[in-house]
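A structural walkthrough
Each chain, letter by letter, is given below.
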Amino acid sequence: MNCGKFEKSIYIFVITILFASCYGFGADIQSLVPEAEKIVSQGLKDSDASTKISAIEVISTTQKVKFAGRVAVFLKDPVMPVRFAAALAIGDLQYKKSEKLLHSLLNDPDINVRIAGAYALCKLGQEQYLPVIQASTSQDDPTVQANSAMLLGKLKSRESLPILYKLKDDKNSTEMIAYNAAEAIARIGDEKIYNKLWALLISAYVDDRCIGIIAMGALGGAKGASALSTMLDDEVVEVRLSAAEQLGLLGDPSGQLVVLEYFAQSDSKDEKQAADSRNTLAAMAIGAIRSKKLAEYLPKLLKNDSAMVRLAAAKSVFLLAGGD
């Protein structure tokens, strides 16, 4: 027997099975939508700001425009990060009914909210507010600088590349500023940032690798996907799950086996915080990979005792169900 041909045929068979189990979602997923919407509604009402913000982000990333009016209420929230998240979501949803409120945010007492308002207005076609964000990269506040870099990346502002490279390379920049600037450059599509992102992927620090994975996913393309594939064998499960999600978002379902392995081997004795974090990553990967086999885990995840896990599962339900 020709071993090479045999191994190749097995490889093709496995890949065929992987692709056969992806796409084509129907009534099973649609039946989960009401529960997913209920979870998001509960998240918006939660007293915990981080849960509320996560619910807003789910609405934004899945383009659930039907929730836009409820998100707009948070533009007046007393908690700054909630106002910030709401403004970004309104921009991403392109909800023009809140345009007047967005203009009022330009006078918010917190500069982070002001640049979020400017971002949202740019998304609504009012690009004259881009300089508001660009100028904020010169602020002394590291949080403002990091947020400004992120927003310039989300806007894919190619003209802002010199500003972002300056932030990345400034010896006075914090790690978060440099990371956000690098990711923003990747999101804009400048491949010169590849080596910086690769350095993050091979870092000894798990946090660096996870940040690098998200940024490499933003860069995308054949080089980005190839780099991410190497992370599916990482020794840390969180890294593997993050890579699986980002590959899925790039249309590559090869991380499905990593997620299936996680669900098969996850230990109920894991410390709760660690288990919640891993379950959240796995739940998000389901919607990115678009696998019918993985989708079978969503009903259980929607009933998880962690609000973050439930929201991640709801996000995947929306992504798989499609529509508004």
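Residues numbered from 1 in each chain as written. Predicted model: local features only at pLDDT ≥ 70, side-chain atom pairs only at ≥ 80, totals over all residues. Heavy atoms only, no water.

**Describing helix H3 (residues 33-45)**
The end-to-end C-alpha separation of H3 is 19 Å, in line with the 18 Å expected for 13 residues at 1.5 Å each. Buried residues of H3: Val33, Ala36, Glu37, Ile39, Val40, Ser41, Gly43 and Leu44, and no others. (Helix = DSSP H or I, 4+ residues; strand = E, 2+ residues; numbered from the N terminus. Expected span 1.5 Å × (residues − 1). Buried < 20%, exposed > 50% of the residue type's maximum accessible area, 1.4 Å probe, protein only.)

**Considerations on the pattern of salt bridges**
Oppositely charged side chains can form a pair if their charged atoms are brought close together. Enumeration according to the criterion identifies 13 salt bridges in this entry. Between Arg187 and Glu183 there is a salt bridge; the shortest N-O distance is 2.7 Å. Taken together, the residues span about one helical turn, with Arg187 and Glu183 both in helix H12 (residues 175-188) at a distance of 4 residues. The residue Asp190 makes a salt bridge to Lys192 at a minimum N-O spacing of 3.2 Å. (Salt bridge = Lys/Arg side-chain N within 4 Å of Asp/Glu carboxyl O.)

**Details of the environment of Ile289**
In this fold, Ile289 is placed in helix H18 (residues 272-289). Each C-alpha atom of the pair Ile289 and Ser254 lies 8.3 Å from the other, and the pair is 35 residues apart in sequence.

**Some remarks on the layout of surface pockets**
It is a probe the size of a water molecule, rolled over the atoms, that shows where empty space is left. Space inside the largest pocket adds up to approximately 2,100 Å³. Lining the largest pocket are 49 residues; nearest its centre among them are Glu57, Thr61, Glu183, Ile214 and Lys315. With 8 residues, the single largest contributor to the lining of the largest pocket is helix H4 (residues 49-61). Grouping the amino acids of the lining of the largest pocket by side-chain chemistry returns 27 nonpolar, 12 polar and 10 charged. (1 Å grid on protein atoms, 1.4 Å probe; cavity = no way out; pocket = protein on both sides within 12 Å on 5 of 7 lines; lining within 4 Å. Points joined across faces, edges and corners; volume = space filled by probe spheres on them. Nonpolar A, V, L, I, M, F, W, Y, C, P; charged D, E, K, R; others polar.)

**Concerning the nonpolar core**
Counting residues in hydrophobic clusters, the biggest one holds 108 residues, and the most contacted among them are Val40, Ile56, Leu197, Val259 and Leu298. Excluding residues within four positions of it along the chain, Ile56 makes contact with Leu44, Val71, Phe74, Val82, Ala85, Ala86 and Ala89. (Core = buried A, V, L, I, M, F, W, Y, C linked by side-chain atoms within 4.5 Å. Contact = heavy atoms within 4.5 Å.)

**Section: the packing of aromatic side chains**
A full pass over the atoms with the stated rule returns 2 aromatic pairs. Here Phe263 and Tyr297 contribute two aromatic rings whose centre-to-centre distance is 4.2 Å and whose plane-to-plane angle is 15°, an arrangement assigned as stacked. You can see Phe263 sitting in helix H17 (residues 256-265) and its partner Tyr297 sitting in the loop between helix H19 (292-295) and helix H20 (298-301), a full 34 residues away along the chain. The exposure class of Phe263 is buried, given its relative accessible area of 14%. When its relative accessible area of 28% is taken as the criterion, Tyr297 is described as partly exposed. By the ring-pair criterion, three or more aromatic residues cluster together here, those being Tyr262, Phe263 and Tyr297. Directly above the ring of Phe318 sits Lys64, whose terminal nitrogen or CZ lies 4.4 Å from the centroid. Seen from the ring of Tyr194, Lys223 lies directly overhead, with NZ or CZ sitting 4.2 Å from the centre. (Phe/Tyr/Trp six-rings, centres within 6.5 Å; stacked < 30°, edge-to-face > 60°. Lys NZ or Arg CZ within 6 Å of the ring centre and 35° of its normal.)

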